[in-house]
Amino acid sequence: MWKTQIKKLQRVQDTYSSICGLSIFITDADGAPLTRISGDQALARKIWGQPQPPLQERLAAIIREIGWKLRPVVYQYLRGPKMIVMPFRVGEQPPFYVWSGMIVEKSSRDLIRRIIETDFADDADDWRRVLDLVPDTPESLKDELVDKVAQFADIASTWLEQANSGEAHARDLERLHDLFGQAGAAEPAILQSAAERLMAAAKLDFAGFAVYGEDERLCIRHMVGVEGCEKLIGSQACLGESFLGQIGLTGKMRYWEDVTWDPRSGFFTDKGLHPQAFVGFPAKIKDRMIGVLFGGRLAPGGVASESIELGRLIAHIAASHLHMVRLEEAASQQMARLSTLLGVAQAIVDVNELRSVLCMLADVSHHLIQGAFSCILWKEPAVGTGLQAISRGMTVEQIEHYAKDAAVRQFANRPEGALRHPAVFEADNGVVVCEIPLVCSGEVKGILGVGLHNEKEVAVYRPFLTALALLGEIRLQHLQGTARLKDRERTELLHSAIAEWNEPVYRETVQAQELARRFARKLRLPEAEIEELSEACMLSGCEPAFLERMAGSHPGAKLLRDARELMREFGPRPGNAFSVKVQILSLILLHVRHRENPAAMPYTAVEPALRQAFAAFVQGQEVIESLVTLREASETIDADTGKDLPAPGLMESHIPLTPREREVFNLILRGLSNLEIAEKLFISTHTVKNHITKIYEKLGVSDRTQALAKVYLTGLQVKI
């Protein structure tokens, strides 16, 4: 695993070296190389290739001088060229270091020449030759190179952390296999093995395992030992109650002797067990309680210290095994839900009856989640003011009662910006209910309500239920025939599904959308084409097969298909060139997802002039973002003028913003994203974008950065 990740990291390092024009490699904290040197900068290779003293010895000396700092260090090597050194950590291991060089500044070039004449007289001509090959590095470029090296260090840290975790995982599996001899065992078998091992190792009369539940109680799931001890199975102890509860509360191993008259032993004596000694071990993963492994003796005598140490190990391995089994179960369930969702997406397109779609939604949500009930309520014109209801797990009386309550919650007086906002509440019978509105033509037409066992399940299942409801919503609108879904509305539905299902991908689509709008406007493309690019970016988080089925004829989907085809191309396509829109979209997606340098992209199907224009545009955006930060702006103005800057707050009345625009702008000043603003104000991201567009027009700016700069750098009046 580690070697595989190093090979992958080497390829990324080669790419960064090419982009930066520097030679790069990674070492450990002793200066020993982890990757080979990338790049062919002659000066760097000549400096690092000096035989005496050895390179590792020289690097180790620099590491001792630098120490551990979680930031790049521009280090001047032997009074001459400079190199960028970026330390990073992988878990609890000693730090690693990224070395990149060499940088030559114009002001120091003459000094370096004098050093060459003095210290390297025998080889001065060659030193001067390699020095002349290195261009001068201005301050702005040096800052950019430092940022790129720091980015590479972040990537290296992430990849090596994955490799480290993978190796630790493999070691745990091996230890578990050696101890329990049953890889892939289910939870009951793990609990039984742990209890049996403890009883044998410590020579106990009984042993068991109590699992820590969501109700913060310890419930005994397995017992082994003397006859009658199985009566304890199912017994529960609160934290702090009895011996078990005290171990669960403190999270520490405890051992008691001579407990015959100890009141805490009543938990066992009530079931016919009379321990004289008791020992228990918390089973934890990173301070998270999994359960308690425990046992006791019915006759006088203590437990040997080596047995206690072995008990600690058994409890730790049992916790690790249980944790992995639960993670595998959760991953399997997630894959099952995803597969089911894709299956529903494929099947729902072929259903031509409204009632069949409703039944499908009710069946899938009930059988897959296995909650208390599922219920679909739908406003059907044929039943007048009534609701069509289809449920699984409810009686007729329960459906009628639920429908009346749900109608008040969901259909009456819902604000426009909160049409799709799910509702979560606890019913009278203690069931936690999650309700997802079904919206058609700007109106709540239905409800998908699912009864869950606890609030924790809401966080697990809500993304799936939301995506399921959105799929049903699209098909129901088609079948009702009230209004064929417009392309834009369909795009927003799919975009909302991405936000629920995969937030990191959703953020990428939002970033791509904003970048596309800015660059297309800079190129003066028609507004219709700008909108098409924007919608293609919104759909870019969808898998191709899913997108083809759900929005195959959508102009944005077609544009996205062509862009993905272009990104697979590495040569020209005679007679079949891609359109400008497709080329722009491919540039944006590559930049957002992979941070590729637009000017260095190998796609010859993209016009060189367009690549250069996009590279200049991106560089301009990055310069603005790197220069305008609130802290730096505050420090600069305070130092220059001695005046306090106004704190972020609502705009004064002389700036013509509506009350809602003031709320939105106040949140912009606090640094919230469009999605966070939408969640804060219970409105859609589309509504947020409309407000922001109007705010920019009134302030005379074109983007968020300029708006922030105008407030903080010009001293516009604000109030807290």
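Data block above holds the structure.
(A) Focus on the packing of aromatic side chains. Under the criterion given, the structure shown has 17 aromatic pairs. Between the aromatic rings of Phe 267 and Phe 268, the centroid separation amounts to 5.3 Å while the plane-to-plane angle is 80°, which identifies the pairing as edge-to-face. Considering the side-chain rings of Phe 519 and Phe 614, the 5.1 Å spacing of their centres and the 70° angle between planes classify their relative orientation as edge-to-face. With a gap of 95 residues between them, Phe 519 in helix H15 (residues 503-522) and Phe 614 in helix H20 (residues 608-627) connect regions that are remote in the sequence. For the residue pair Phe 519 and Phe 614, the accessibility class agrees, reading buried in each case. Taken together, the ring pairs connect Phe 206, Phe 243, Trp 256, Phe 267, Phe 268, Phe 278 and Phe 294 into an aromatic cluster.

(B) Structural view of the environment of Val 303. Secondary-structure assignment places Val 303 in the loop between strand E10 (288-297) and helix H10 (305-348). Among the residues examined, Val 303 registers a relative accessible area of 13% and is labelled buried. Once you skip the residues sitting within four places of it in the chain, Val 303 turns out to touch Ala 202, Leu 204, Tyr 255, Glu 257, Arg 297 and Ile 308.

(C) Representation of the pattern of salt bridges within the structure. Inspection of the entire model under this criterion finds 22 salt bridges. Here Arg 221 and Glu 187 are joined by a salt bridge, their closest N and O atoms 3.7 Å apart. One end of the pair, Arg 221, is in strand E6 (residues 217-225); the other, Glu 187, is in helix H7 (residues 187-202), and 34 residues separate them in sequence. Through salt bridges with shared partners, one network takes in Lys 46, Asp 123, Asp 126 and Arg 129.

(D) Looking closely at the nonpolar core. In this structure, Leu 533, Ile 584, Leu 585, Ile 588 and Phe 614 are the most contacted members of the largest nonpolar core, which totals 40 residues. Put simply, the parts of the chain that give this core at least two residues each are helix H13 (455-480), helix H14 (487-501), H15, helix H16 (527-539), helix H18 (555-567), helix H19 (580-594) and H20. Residue contributions to this core peak at eight residues, all from H19. Residues within four places of Leu 585 in sequence aside, it is in contact with Leu 533, Ala 536, Cys 537, Leu 559, Leu 560 and Ala 563.

(E) The arrangement of the sheet that holds E10 in detail. Reading across the sheet, the six strands line up as E7-E6-E5-E10-E9-E8 and stay open at both edges, with antiparallel pairing between neighbours. Two strands in the sheet have a free side with no partner beyond their single neighbour: strand E7 (236-238) and strand E8 (254-257). Direction aside, the axes of adjacent strands within the sheet are offset by 20° on average. Alignment of E8 against strand E9 (residues 277-285), held across four bridges, turns out to be antiparallel. The partner of Arg 254 across the bridge, within E9, is Gly 280.

Reading guide: rules and limits
- Residues numbered from 1 in each chain as written.
- Predicted model: local features only at pLDDT ≥ 70, side-chain atom pairs only at ≥ 80, totals over all residues.
- Heavy atoms only, no water.
- Phe/Tyr/Trp six-rings, centres within 6.5 Å; stacked < 30°, edge-to-face > 60°.
- Helix = DSSP H or I, 4+ residues; strand = E, 2+ residues; numbered from the N terminus.
- Buried < 20%, exposed > 50% of the residue type's maximum accessible area, 1.4 Å probe, protein only.
- Contact = heavy atoms within 4.5 Å.
- Salt bridge = Lys/Arg side-chain N within 4 Å of Asp/Glu carboxyl O.
- Core = buried A, V, L, I, M, F, W, Y, C linked by side-chain atoms within 4.5 Å.
- Pairing = 2+ DSSP bridges.
- Axes fitted to C-alpha atoms, helices over the stretch in contact; angles between N-to-C directions.

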